[in-house]
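Structural description and commentary
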Amino acid sequence: MAIGALRALHEAGIAVPEEAAIVGFNDIPTAAFLHPPLSTVKVYTEFMGETAVELLIERLTTKRAICKKVVVPTELVIRSSSEGNEKGSGR
């Protein structure tokens, strides 16, 4: 969706990041090669899958009835699509 928004802003003549900042989610490989390169939130999906399997095995072997909350780390990858507007544009 962020790539589509980046394209729509370009077609509308709205400069990114000078007039609008765009941040995507999941840090797909293409994000680094767009113009401007897309800032994203990187999600460690492999770790997420491993954790889900571990929780499932634990749940099956211990018969635990109480839910366990797990926080999976993310990382904000800043690239050019969200830099440069120091005046503050409500982003």
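Relevant structure appears above.
Owing to the predicted nature of the structure, the values given are computational and were not obtained by experimental measurement.

1. A word on the overall build of the chain
When helices and strands are counted, the chain shows 2 helices and 3 strands. Going from N to C terminus, the chain has its helices and strands arranged as α-β-β-α-β. Relative to the compact-globule value of 12 Å for 91 residues, the chain shows a C-alpha radius of gyration of 19 Å, a clear excess of over 25%. Taking the principal axes of the C-alpha coordinates as reference, the chain spans close to 60 × 25 × 20 Å. A total of 91 residues make up the chain; the buried ones form 24% of that total. For the chain, contacts bridging at least 24 residues in sequence account for 57% of all contacts bridging at least 6. Element-wise, carbon and sulfur atoms account for 62% of the exposed surface of the chain, whose accessible area totals about 6,700 Å². Each charge class in the chain can be summarised by its mean position, and for the 10 positive and 11 negative side chains these summaries are 10 Å apart.

2. Some remarks on the pairing of strand β2 (residues 39-43)
Of the pairings in the sheet, the one linking strand β1 (residues 23-25) to β2 comprises 3 bridges and is parallel in character. Following the sheet pairing, Gly24 is matched in β2 by Thr40. The pairing of β2 with strand β3 (residues 74-77) spans 4 bridges and is antiparallel. The residue of β3 that forms the bridge with Thr40 is Val77.

3. Some points on helix α1 (residues 2-11)
Among all positions in α1, only Ala2, Leu6 and Leu9 are buried. Angularly, the buried residues of α1 cover 65° about the axis, an arc narrow enough to put them on a single face. Every exposed residue of α1 that faces more than 90 degrees away from the buried side is listed here: Arg7 and Glu11. Structurally, α1 contributes buried residues whose contacts are with β1. Where α1 ends, the next residue or the one after it, Gly13, has phi of about 75°, a positive value.

4. Points about the nonpolar core
Counting residues in hydrophobic clusters, the biggest one holds 9 residues: Ala2, Leu6, Leu9, Val16, Ala20, Ile22, Ala31, Leu34 and Leu38. Each residue touching Ala31, except ones within four places of it in the same chain, is listed here: Pro37, Leu38, Thr40 and Arg79.

5. Points about the side chain of Ser81
Examined against the element boundaries, Ser81 turns out to sit in the segment after β3. Engagement of the side chain of Ser81 in a polar contact is seen with the backbone oxygen of Ile22, the distance being 2.6 Å. Apart from the residues lying within four places of it in its own chain, the contact partners of Ser81 are Val16, Pro17, Ala20, Ala21, Ile22, Pro36, Pro37, Leu38 and Ser39.

Criteria and thresholds
- Residues numbered from 1 in each chain as written.
- Predicted model: local features only at pLDDT ≥ 70, side-chain atom pairs only at ≥ 80, totals over all residues.
- Heavy atoms only, no water.
- Helix = DSSP H or I, 4+ residues; strand = E, 2+ residues; numbered from the N terminus.
- Rg over C-alpha atoms; globule rule 2.2 N^0.38 Å.
- Buried < 20%, exposed > 50% of the residue type's maximum accessible area, 1.4 Å probe, protein only.
- Contact = heavy atoms within 4.5 Å.
- Areas by Shrake-Rupley, 256 points an atom, 1.4 Å probe, with all protein chains shown as cover.
- Lys, Arg positive; Asp, Glu negative; His and termini not counted.
- Charge placed at Lys NZ, Arg CZ, Asp CG, Glu CD.
- Pairing = 2+ DSSP bridges.
- Arc of directions from axis to C-beta.
- Core = buried A, V, L, I, M, F, W, Y, C linked by side-chain atoms within 4.5 Å.
- Polar contact = N/O pair within 3.5 Å; in protein donor to acceptor, adjacent residues only side chain to side chain.

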